[in-house]
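# Coordinate analysis (summary)
This is what each chain is made of:
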Amino acid sequence: MKPTGLIFFPAFDWAISPTHPEREERLLYTRDQIFEEGIMDLPQIREYKPRMAERKDIARVHFCVPDVDAQITEAHLVSAGSSLVIADAVMKGEVKNGFALVRPPGHHAMTVAHGNRGFCNINNEAIMVEYLRKKYGLRKIAIVDTDVHHGDGTQEMFWHDPDILFISFHQDGRTLYPGTGFIEELGGPLAYGSTINIPLPPRTTDMGIHYVLDNLVLPILDEFKPELVVNSAGQDNHYSDPLANMCFSAQGYAILNSKLAPDIAVLEGGYSVETALPYVNMGIIMAMAGIDYSNLREPDYSPTRFKESSQNMQYIEKLVATQLANFRQREEVIARNRLEHKKMYTYYKSIFYDTDGIHEEQSTQLRMCEHCAGYRVIESSAQHPRWGLNRVYCLSVPSYGCPDCQAEAQKLYEDMTGSRNKYNYVYLQDRVKDVYKSLESALSLETVL
Amino acid sequence: MLIGIDVGGTFTDGVLFDGQAVVTSVKQPTDQQNLKTTLLKVLDDLLTASAGAKIHRIVFSTTLVTNLLATDSGDKTALLLLPGPGLPLDTYRLFNDTFFLKGSVDFRGRELEAIDKAEVEKAVDAIKVRGIKKIAVVGKFSNRNSSQEQEVRKIIMKRDPQMEVAIGSETAGQLNFLRRIVTTYYSVMTQSTWEDFASEIEKALAERGIQTQVDILKADGGTMPLQISRSKPCETVFTGPAASTMGGKALTMNPKNSVVLDIGGTTVDISLLIGGHPLYASKGATIQGHYTHINAFSVRSIPMGGDSPISIDQGNINVLSRRRGAAACFGGDYPTVTDVFNQKYQLGIGVALQSSQKLAELIKGTGIDMETLCRAVEDTVFNRIQEAIQEMFMEWENEPAYRVWEVVHGRKFDVEELIGIGAASAAIVPGLAGRMQVECRIPKYAAVANALGACVARPTLALQVHIDTQNKVFAIDQDGLSGSIPAGRSFQMKDAKELAQHHLVEIAKSRGMEQYAGEAEFYLEEQFNVIRGWDTVGKIFDVGVQISPGFIEEYQGVSR
Ligand SMILES: [Zn+2]
Ligand SMILES: [Zn+2]
């Protein structure tokens, strides 16, 4: 039996600020627990060394304003790079699955990155997914986000991609950051049904979450048939988490991982650094490695402590039925959308960066392509507290984009950069060619990654 | 005068060293059944050679404990474990006679579950019935709070005062319960045999009227007084390679990236000096397949050496591992690796003509000419050694890292030189260095580098302090030391380092090595704010300080 790959990267020398929840101490007790248990010494585990991601790996998924270096620290490169090390180990068959137990996290980071949102600058899962597609030719991948916060960044990044199934269960956005992730959010017009949100009421327990898993997540995965399953393994659904109000346990997380059997898990949030993380992380590692976790529990855990109310269960059952139906009619809806919409599909939105206090206004145009997911044109302006107003123009050709979309996006980039324009920066992200260009208008300075 | 004796698996080497030059060296076959006799025989030869000159220090390195562990012939020992929640109990059932008890503490030393006195007593009775007289008691996180282990020990002693008991926190205080179990178990298992040996040596020395300092080499390349070693038998494992590596370091005394190749008759032992510092095994000494908390050099052994016979089998040229006797140039019946190098480079080792003759006999009628044979053997030998060196680098470069700084700065090992020691190194190492395009050193005294390394090695000591200012406690990973820190003032990294340094000096004094305390260096300085809500309620420090392997003050290198 192959081992489970593990990178433990606690970034003991990186914090957002000394008392911020995303601080050095976050994985300290997790280190104590996993080192003391000696789990890394077992033949079921193979520990890997982290590495830094390349700037190109980041440009493949993000438009970093003004450039990659402005949005990241070395810690971000290591955290993202660690997921890539695990991805390589899984794809090369050195391990049967792998867990990147790393910080800083990433699932709130969106396509255009003006700053830090929800403790995240760059999206580790998105970077890994597009890396897997580019390097190993994968196409259909499922991401199951089990963080208590809606994975709005990951959702946004794959919103228009019908080959990436994004499932997020989380505490209802009406009661928790980032205030999104409702059942109506089902994906773009050409990717309808490949985004599935399961907003759960506060105080949902193991029972409620496992009902969702058994009756919605697993059946959907079965039908979608992804080539690879990724778990965005946030741990803030835990009953002791200080930032949320759910009642999930370490046992619950371990069982979830056994059932879900992700190929790759990447740590996201989880801020109960002392009473949850050491045990939840052990549970995930043990479940992935096939080690019996019946002896694992939090010191204050009692199986009878939390009980799901029948009212909650009824709500969850209804939710599951609705989302199952939504998922199953996705092809129908996409076909209808193709008929209804014109050549370009346009929408607007505002984004707030809580950590950095940035307001961003965005418009997106999607080409309603018959052959692929369609290229996107994103115009964005953001008022940054330090850098002032930045206007950017971004072109994104999706992985597996068609030659028409590629050519059209290329032409738009040339037109825009060949003349005077109102944007500070113009970007072209061509994932098919794997070429990432940016132009700083004032200096006519082009960078190619 | 200094005396160093390395009791090896096949031979025992000894040197009498005047601080600059080897006055005499002695080599004797090792009597595995009676290491003491071999050791004393070599000692007596050296004492005779010293002609009454004053002996300042005697250092031994022996395979006694290594052999006990390899043959599983120590004393029967029971394990009482307090594993608490976490991995399944079977993970920790590594040895027979393992009992699991109630009781557990967490990573901050808080008691999660109390011990059950009646349960402990029942276990003691069961152990007694099995005829076992030794018990190792080990708890998960006992390094953060040892009170449960101590309590269990008290209960055992009360129930059966004849039992010998050791506890994990006093034996191996580093994080890693699995390795703590193994280390404590093996310590208990080997202790009385080692103590008997130590007593016999002391007696023999007294009989010879020697009142000098006697030290034992440890797996980490440092020494400890014989007296102190009585309670730390496991630290004397794998000291053969440690002696050789320290010998290689002593004879070159430079801060380069070097590979030490100890090439004997049947094995090549490889160790690395990174900027002059020996590389340690990242998971400690591995004993019988188990990782331990014993700090040991990272050594790779290849079952191949100067005496490895050459064979030709259906046109294939092979280097065999089983020794069939000495090289032909030393009167052996079969041509060996040494003969090939002797022939190829006209080294004039032994009776060189015999090398040529035996090799010529070997190729006769095979259609293989001498040049082809020599090249093939050389390639095999070089490739095996180079592959092993490469693997060691890769392993070192790919060791996990937990800080951004470590990942960003990476690790790269560029070999600058090969240091050849051991009897067959002069034949093989220069050619290999040429192929690798690095410098080559075959130092003077290369043949007795192991014994020389032992006699000039200085004492080592490493300790790590874990301080929790919210709970106002500290715990040290040596000897189960712990205590409380003063309340009412802010505790900073500076204070943490002072605390660590203070305890290092105290322990150094108790081991008679205080003159080296000034050489101590901090190797770990970690500090975490403990935040609850948005308030800092305390700090956690992990500070490590060590006297690393090096040489005694009077040693300044050998004279040319
Ligand atoms: Zn979260
Ligand atoms: Zn297209």
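This structure is a prediction, so every number in the text was calculated from the model and none was measured.

## Observations regarding empty space enclosed by the protein
Residue and element names in this part refer to chain A. The final tally for this structure, using the stated rule, is 7 cavities of 30 Å³ or more. For the largest cavity, the calculated volume is near 90 Å³. In terms of lining residues, the largest cavity is bounded by 13 residues, among which His160, Asp161, Arg376, Pro398 and Arg431 are the most central. For the lining of the largest cavity, the class distribution of residues is 6 nonpolar, 4 polar and 3 charged. No fewer than three residues from each of domain 1 (4-331) and domain 2 (341-448) sit in the lining of the largest cavity.

## A word on the sheet that holds strand E11 (residues 213-217) of chain B
Residue and element names in this part refer to chain B. Reading across from one edge, E3-E2-E1-E4-E11-E12 is the order of the 6 strands in this open sheet, with mixed pairing throughout. Each of the sheet's edge strands pairs with one partner strand only, and the pair in question is strand E3 (22-29) and strand E12 (223-225). Across the sheet, the axes of successive neighbouring strands diverge by a mean angle of 20°, strand direction being ignored. In the sheet, E11 pairs with E12 via 3 bridges, with the strands oriented antiparallel. The partner of isoleucine 216 across the bridge, within E12, is methionine 224. Strand contacts of helix H1 (residues 35-50): strand E1 (2-7), strand E2 (11-17), E3 and strand E4 (57-61), with the helix running at about 155° to E1, the strand carrying the most contacts. Against the sheet, helix H14 (residues 449-456) engages E1, E2, E3, E4, E11 and E12, with an angle of about 55° to E2.

## Quick look at helix H7 (residues 206-224) of chain A
Residues and elements named next belong to chain A. Its 19 residues place the ends of H7 25 Å apart at the C-alpha level, agreeing with the 27 Å of an ideal helix rising 1.5 Å per residue. Where H7 bends most, the angle comes to about 40°, and this point is leucine 213. Considered for burial, the residues of H7 that qualify are Asp206, Gly208, Ile209, His210, Val212, Leu213, Leu216, Val217, Ile220, Leu221 and Phe224. Count one or two residues on from H7 and you reach lysine 225, which has phi positive near 55°.

## Quick look at the packing of H7 of chain A against helix H10 (residues 310-328) of chain A
The angle between the axes and the distance between the axes are what describe a pair of packed helices. Residue and element names in this part refer to chain A. As a packed pair, H7 and H10 sit with axes 10 Å apart at the nearest point and diverge in direction by 10°. Classed by the angle they form, the pair H7 and H10 counts as roughly parallel. Contact with H7, carried on its side by Met207, Gly208, Tyr211, Val212, Asn215, Leu216, Ile220, Glu223 and Phe224, involves Met313, Ile316, Glu317, Val320, Gln323, Leu324, Phe327 and Arg328 of H10 and no other residues of that element. Classifying every residue of the contact of H7 with H10 gives 11 nonpolar, 3 polar and 3 charged.

## Overview of the side chain of serine 271 of chain B
Along the polypeptide, serine 271 of chain B turns up in strand E14 (residues 268-274). Those residues in contact with serine 271 of chain B that sit more than four places away from it in its chain are Thr245, Ser258, Val259, Val260, Ser298, Val299 and Met392 of chain B.

## A word on the pattern of salt bridges
Scanning the entire structure with this criterion turns up 71 salt bridges over all chains. With a closest N to O distance of 3.1 Å, arginine 431 of chain A and glutamate 130 of chain A form a salt bridge. You can see arginine 431 of chain A sitting in the loop between strand E15 (425-430) and strand E16 (435-440) and its partner glutamate 130 of chain A sitting in helix H5 (residues 124-136), a full 301 residues away along the chain. Exposure class is identical for arginine 431 of chain A and glutamate 130 of chain A. Each is buried. Between arginine 230 of chain B and glutamate 202 of chain B there is a salt bridge; the shortest N-O distance is 2.9 Å. Taken together, the residues arginine 230 of chain B in the loop between helix H7 (226-229) and helix H8 (239-252) and glutamate 202 of chain B in helix H6 (residues 177-207) connect sequence positions 28 residues apart. Judged by its relative accessible area of 13%, arginine 230 of chain B is buried.

## Examining the layout of surface pockets
All names here are of chain A. Quantified by volume, the second largest pocket comes out at close to 540 Å³. Residue lining of the second largest pocket: 29 residues in total, with Gln155, Glu156, Trp159, Tyr347 and Lys349 positioned closest to the centre. Contributions of two or more residues to the lining of the second largest pocket are made by helix H6 (152-157), strand E11 (344-353), strand E12 (358-367) and strand E13 (376-384). By residue number, the principal contributor to the lining of the second largest pocket is E11, which donates 7 residues. Looking at the lining of the second largest pocket, its residues break down into 12 nonpolar, 11 polar and 6 charged.

## Section: the domain arrangement of chain B
Split by domain assignment, chain B resolves into domain 1 (78-189), domain 2 (310-449) and domain 3 (461-547). Spacing between the C-alpha centres of domain 2 of chain B and domain 3 of chain B amounts to 47 Å.

## Remarks on the domain arrangement of chain A
Residues and elements named next belong to chain A. By the assigned domains, chain A splits into domain 1 (4-331) and domain 2 (341-448). One C-alpha centre belongs to domain 1, the other to domain 2; they are set 28 Å apart. Residue-level contacts link 36 residues of domain 1 with 39 residues of domain 2. Overall, the association of domain 1 and domain 2 removes approximately 3100 Å² of surface from exposure, summing both partners, and the carbon and sulfur fraction of that is 59%. Contact with domain 2 buries surface across domain 1, with Phe63, His114 and His160 losing the most and accounting together for 24% of the total. Counting the contacts that link domain 1 with domain 2 gives 4 salt bridges. At the junction of domain 1 with domain 2, the criterion picks out 24 residue pairs in polar contact (both at pLDDT 80 or more). Breaking the side of domain 1 that touches domain 2 down by element, the ones donating at least two residues are helix H2 (55-59), strand E3 (63-64), helix H3 (68-71), strand E5 (112-113), H5 and H6. Among the elements that line the side of domain 1 that touches domain 2, the one with the most residues is H5, at 3 residues.

## Here's the deal with the coordination of the zinc ion (ligand 2)
Residue and element names in this part refer to chain A. Distances from the zinc ion (ligand 2) to its protein donors, namely Cys369 (SG), Cys372 (SG), Cys402 (SG) and Cys405 (SG), fall within the range 2.2 to 2.3 Å. Metal-centred angles of 102 to 117° between the 4 donor atoms at the zinc ion (ligand 2) mark the site as tetrahedral. Each donor residue of the zinc ion (ligand 2) belongs to the same chain, with the gaps between them written as C-x2-C-x29-C-x2-C.

About the criteria used
- Residues numbered from 1 in each chain as written.
- Chains lettered and ligands numbered in written order.
- Predicted model: local features only at pLDDT ≥ 70, side-chain atom pairs only at ≥ 80, totals over all residues.
- Heavy atoms only, no water.
- 1 Å grid on protein atoms, 1.4 Å probe; cavity = no way out; pocket = protein on both sides within 12 Å on 5 of 7 lines; lining within 4 Å.
- Points joined across faces, edges and corners; volume = space filled by probe spheres on them.
- Nonpolar A, V, L, I, M, F, W, Y, C, P; charged D, E, K, R; others polar.
- Domains from an automatic or database assignment.
- Pairing = 2+ DSSP bridges.
- Helix = DSSP H or I, 4+ residues; strand = E, 2+ residues; numbered from the N terminus.
- Axes fitted to C-alpha atoms, helices over the stretch in contact; angles between N-to-C directions.
- Contact = heavy atoms within 4.5 Å.
- Expected span 1.5 Å × (residues − 1).
- Bend = angle between axes of the 7 residues up to and from the residue.
- Buried < 20%, exposed > 50% of the residue type's maximum accessible area, 1.4 Å probe, protein only.
- Parallel < 35°, antiparallel > 145°, perpendicular 65-115°, else oblique.
- Salt bridge = Lys/Arg side-chain N within 4 Å of Asp/Glu carboxyl O.
- Buried area = accessible area lost by both parts, 1.4 Å probe.
- Polar contact = N/O pair within 3.5 Å; in protein donor to acceptor, adjacent residues only side chain to side chain.
- Donors = N, O, S within 2.8 Å, 3.2 Å for Na, K, Ca; no water.
- Tetrahedral: all angles 85-135°; square planar, octahedral: opposite > 155°, others 65-115°.

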